[in-house]
Amino acid sequence: LGQPFLLAEQQYQLAELYNNMKQYDQAIAVCKKAEAIMEENNFLNIRDEIYSILMEAYAGSKNFELAYAYSLKLREFADSTYHADIAEQLKKFESERKDNEIALLKSNNEIATTKLQRNQTAVAGFALLLLLLSILTFTIYRNRQEKIKNIKMLEELNRRLEEQKEEISGMNTLLQLKALRAQMN
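Below is a short write-up of the structure.

Thresholds applied
- Within each chain, residues carry numbers counting from 1 in the order of the written sequence.
- At least 70 in pLDDT is required for a residue's local features to be given in this predicted model, at least 80 for side-chain atom pairs to be given and counted, and no such filter applies to totals for whole chains, interfaces and linings, which use all residues.
- By convention in this description, side-chain values take in all heavy atoms of the structure and omit both hydrogens and water.
- Note on conventions: DSSP H or I runs of at least 4 residues are helices, E runs of at least 2 residues are strands, and numbering of each starts at the N terminus.
- Restricting the calculation to C-alpha atoms gives the radius of gyration, and the globule rule supplies 2.2 Å times the number of residues raised to the power 0.38.
- Each residue's exposure class comes from its accessible area (1.4 Å probe, protein chains only) as a fraction of the maximum for that residue type: buried when under 20%, exposed when over 50%, partly exposed otherwise.
- Here, residues are in contact when the closest pair of their heavy atoms is within 4.5 Å.
- The protein chains shown are the only cover counted for residues, whose accessible areas, like all others here, come from Shrake-Rupley with a 1.4 Å probe.
- The positive count covers Lys and Arg only, the negative count covers Asp and Glu only, and His and the chain ends enter neither.
- Lys charges are placed at NZ, Arg charges at CZ, Asp charges at CG and Glu charges at CD.
- Axis angles are defined between N-to-C directions and span 0 to 180 degrees, where every axis is a line fitted to C-alpha atoms and, for a helix, only to the segment in contact.
- Angle categories are assigned with fixed cut-offs, so that under 35 degrees is roughly parallel, over 145 is roughly antiparallel, 65 to 115 is roughly perpendicular, and the rest are oblique.
- We call a crossing left-handed when the near helix sits turned anticlockwise from the far one by less than a right angle, and right-handed when that turn is clockwise.
- When residues are grouped by polarity, Ala, Val, Leu, Ile, Met, Phe, Trp, Tyr, Cys and Pro land in nonpolar, Asp, Glu, Lys and Arg in charged, and all others, Gly among them, in polar.
- The criterion is simple. A nonpolar core is a set of buried Ala, Val, Leu, Ile, Met, Phe, Trp, Tyr and Cys residues joined through side-chain atoms within 4.5 Å.

## Concerning the overall build of the chain
Stage number 1. Tallying secondary structure elements over the chain gives 4 helices and 0 strands in all.
Stage number 2. From first element to last, N terminus to C terminus, the chain shows the α and β order α-α-α-α.
Stage number 3. Rg of the C-alpha trace for the chain: 57 Å, well past the compact-globule value of 16 Å for 185 residues, more than 25% over.
Stage number 4. If one aligns the C-alpha atoms of the chain with their principal axes, the spans along those axes are about 180 × 35 × 25 Å.
Stage number 5. Across the 185 residues in the chain, those meeting the buried criterion constitute 15%.
Stage number 6. Look at the contacts in the chain between residues 6 or more apart in sequence, and 48% of them connect residues 24 or more apart.
Stage number 7. Total accessible area computed for the chain in this model is approximately 14,900 Å², and 59% of it derives from carbon and sulfur atoms.
Stage number 8. Of note, the chain has its 24 positive side-chain charges centred 19 Å away from the centre of its 26 negative side-chain charges.

Right, here's the structure in full:
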């Protein structure tokens, strides 16, 4: 046939029908074939069905030792499946927990990176502000020094003008005196 799973499935379904018709010996014979196919191909998903049918068939045929043996096999398989399921669930839980941890760490890393970038921007802004304030302070200082220098130059010029004014005033007085003497003479 080339499809052992379908064959095993049909065999245990036929065995189940024999069980329902209380033809236990035929159910056992057919189900044993299904069990052999299952064992040969490691079809775990139908193992519990086969063990259950065999347990019922042996109990129905009053072979309680084999019925008990298959009930133990069924329980052992159920336990191993249960433990495998628990191990798989635990593995899945651990994997999800690790994925969540990774996502949390990525999120924290992104937050830290954003804060770092914001801090770097703030530091750069403060540095630029400090540079501008330094330039402004230097410009104000230079302008003040220039103003002081210009005030001193103006004071010097005013002093010279005052001296020249006094000199001119003295010369005017002298010229007026000379003009007055010339008129008197």
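## Digging into the packing of helix 1 (residues 4–20) against helix 3 (residues 47–60)
Stage number 1. Orientation of helix 1 relative to helix 3, taken along the N-to-C sense of each, is 25°, at an axis distance of 10 Å. With respect to each other, helix 1 and helix 3 are oriented roughly parallel. Crossing handedness for the pair helix 1 and helix 3: left-handed. The residues of helix 3 that touch helix 1, namely those facing Tyr 12, Ala 15, Glu 16 and Asn 19, are Glu 49, Ile 50, Ile 53, Glu 56 and Ala 57.
Stage number 2. Residue composition of the contact of helix 1 with helix 3, grouped by class: 5 nonpolar, 1 polar and 3 charged.

## With respect to the side chain of Gln 11
Stage number 1. Inspection of the secondary structure puts Gln 11 in helix 1.
Stage number 2. Among all residues touching Gln 11, those that are not within four sequence positions of it are Val 30, Lys 33 and Ala 34.

## Description of the nonpolar core
One broad trend across soluble globular proteins is that nonpolar side chains are buried collectively.
Stage number 1. Ranked by size, the top nonpolar core spans 23 residues in total, and within it Ile 46, Ile 50 and Leu 54 carry the most contacts.
Stage number 2. Elements that contribute at least two residues to this core include exactly helix 1, helix 2 (24–41), helix 3 and helix 4 (64–184).
Stage number 3. Element by element, the count of residues in this core is highest for helix 2, at 8 residues.
Stage number 4. Those residues within four positions of Ile 46 in sequence are excluded, and the remaining contacts are Phe 5, Ala 8, Tyr 12 and Met 38.

## Quick look at the packing of helix 1 against helix 2
Stage number 1. The N-to-C vectors of helix 1 and helix 2 enclose an angle of 160°; their axes lie 8 Å apart at closest approach. With respect to helix 2, the axis of helix 1 lies roughly antiparallel. The hand of the helix 1/helix 2 crossing is left-handed. Residues Pro 4, Leu 7, Ala 8, Gln 11, Tyr 12, Leu 14, Ala 15, Tyr 18 and Asn 19 of helix 1 lie in contact with helix 2, whose contacting residues are Tyr 24, Gln 26, Ala 27, Val 30, Cys 31, Lys 33, Ala 34, Ile 37 and Asn 41.

## Thoughts on the environment of Gln 176
Stage number 1. Within the secondary structure layout, Gln 176 lies in helix 4.
Stage number 2. Overall, the relative accessible area of 57% leaves Gln 176 in the exposed class.

Everything listed here is a matter of coordinates, which is why it stays silent on function.
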